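Overview (structure and organization)
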Amino acid sequence: MLIKQTDEQLVAAYANGNNEAFDALLNRHQTQVFSYIMRIVRNRDLANDIFQETFVKAITTIRQGRYTDAGKFGAWVNRIAHNLVIDFYRQEKSENTTSTDEGEMDILNRADLSEGTVEDVIVNEQIRKDVRRIIRELPKTQRDVLVMRYYRNLSFKQIADMTGVSINTALGRMRYALINMRRIAKERNIALTA
């Protein structure tokens, strides 16, 4: 019975392909991890995003065999969450910082405030078309999760409920969708950035 196993036994079982073992880990730690994130960011949507990214990183690390059994899975997952929160605030700070060291600067003369050139518009439209084409090539299960997450802005919990799978399975499908999109883009020599 999975509920009676230690975190390390569940990690080992998951690493050996037992997806239910990760569901047990998630159920065991989700409240504490989410509460920790929420206490810091104080925004439910942001907390949900960081929470989901935390467990995607945990899944990836375990699947790649990079998790070291230190007997403290809960502390390890909290450290991932903590680092992601710090990364978010660092990124937000760098995006909102304007340096005036270079002398006079018109703060309204910024690329993100301009409408863009005709070339930019054409390039961005081509990228959107390429992304849609690549998404259509994904297996249906991966395509569905990707569309629900990025185009309908649903949480992985909502996706899992709607598709009748575990959160772990929904996270896995998203991960494989992104891996497959990169692979398809590389095989067809498609640039997905401007």
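Since this is a predicted model, take the numbers as computed values, not measurements. (Residues numbered from 1 in each chain as written. Predicted model: local features only at pLDDT ≥ 70, side-chain atom pairs only at ≥ 80, totals over all residues. Heavy atoms only, no water.)

Taken as a whole and assessed by the stated rule, the structure comprises 8 aromatic pairs. With a centroid separation of 5.0 Å and an interplanar angle of 55 degrees, the aromatic rings of F51 and F55 are classed as tilted. Of this pair, F51 and F55 both sit in helix α3 (residues 44-63), separated by 4 residues, roughly a single helical turn. Owing to a relative accessible area of 1%, F55 belongs among the buried residues under this scheme. With centroids separated by 5.2 Å and ring planes inclined at 70 degrees, the aromatic side chains of F88 and Y89 adopt a geometry described as edge-to-face. (Phe/Tyr/Trp six-rings, centres within 6.5 Å; stacked < 30°, edge-to-face > 60°. Helix = DSSP H or I, 4+ residues; strand = E, 2+ residues; numbered from the N terminus. Buried < 20%, exposed > 50% of the residue type's maximum accessible area, 1.4 Å probe, protein only.)

Considering the arrangement of structural elements, one finds Y151 in helix α6 (residues 140-151). Contact partners of Y151, with chain neighbours within four places excluded, come to V131, I135 and L146. (Contact = heavy atoms within 4.5 Å.)

What follows concerns the environment of R79. The residue R79 is located in helix α4 (residues 73-95) in this model. In sequence terms R79 and V33 are 46 residues apart; their C-alpha atoms lie 9.6 Å from each other.

Before going further, it helps to spend a moment on unusual backbone geometry. For R42, which is not a glycine, the phi torsion comes out positive at approximately 55 degrees. In this model, N153 sits at a positive phi of 55 degrees, which is unusual for a non-glycine residue. Looking at the secondary structure, you find N153 in the loop between α6 and α7 (156-163).

Moving on, we get to the pattern of salt bridges. Summed over the entire model, instances satisfying the criterion amount to 8 salt bridges. With its nearest N and O atoms 2.6 Å apart, the salt bridge here joins R28 to D7. One end of the pair, R28, is in helix α2 (residues 19-41); the other, D7, is in helix α1 (residues 7-15), and 21 residues separate them in sequence. Its relative accessible area of 34% is what places R28 among the partly exposed residues. Of the residues examined, D7 reaches a relative accessible area of 13% and is grouped as buried. Among the ionic pairs, D144 bridges to K140, the shortest N-O distance being 2.8 Å. Taken as a pair, D144 and K140 lie in helix α6 at a separation of 4 residues, close to a single helical turn. Note on K140: relative accessible area 53%, which makes it exposed. (Salt bridge = Lys/Arg side-chain N within 4 Å of Asp/Glu carboxyl O.)

The next thing to look at is the environment of Y36. By the element assignment, Y36 lies in helix α2. Overall, Y36 belongs to the buried group, its relative accessible area being 19%. Sequence separation between Y36 and F51 is 15 residues; the distance between their C-alpha atoms is 9.6 Å. Setting aside residues up to four positions removed in sequence, Y36 forms contacts with N78 and H82.

Our focus in this paragraph is the side chain of E8. As for its placement among the helices and strands, E8 is situated in helix α1. Buried and without a salt bridge, E8 has R28 as its closest oppositely charged side chain, separated by 7.3 Å. Leaving out residues up to four positions away in the same chain, E8 has contacts with Y67, D69, G71, K72 and F73. (Lys, Arg positive; Asp, Glu negative; His and termini not counted.)

What follows concerns the layout of surface pockets. In this model, the largest pocket occupies a volume close to 280 Å³. Mapped onto the lining of the largest pocket, the elements with two or more residues apiece are α3, α6 and α8 (167-187). For the lining of the largest pocket, the element with the most residues is α8, which contributes 6 residues. For the lining of the largest pocket, the residue count by class is 7 nonpolar, 1 polar and 5 charged. (1 Å grid on protein atoms, 1.4 Å probe; cavity = no way out; pocket = protein on both sides within 12 Å on 5 of 7 lines; lining within 4 Å. Points joined across faces, edges and corners; volume = space filled by probe spheres on them. Nonpolar A, V, L, I, M, F, W, Y, C, P; charged D, E, K, R; others polar.)

It is worth spelling out the confidence of the model for the protein at this point. Taken over all residues, the pLDDT of the protein has a mean of 83, while the share at 70 or more is 85%. Here helix α5 (residues 118-137) stands out as the element of the protein with the lowest mean pLDDT, 80, in contrast to α1, whose mean of 91 is the highest. (pLDDT = per-residue confidence, 0-100.)

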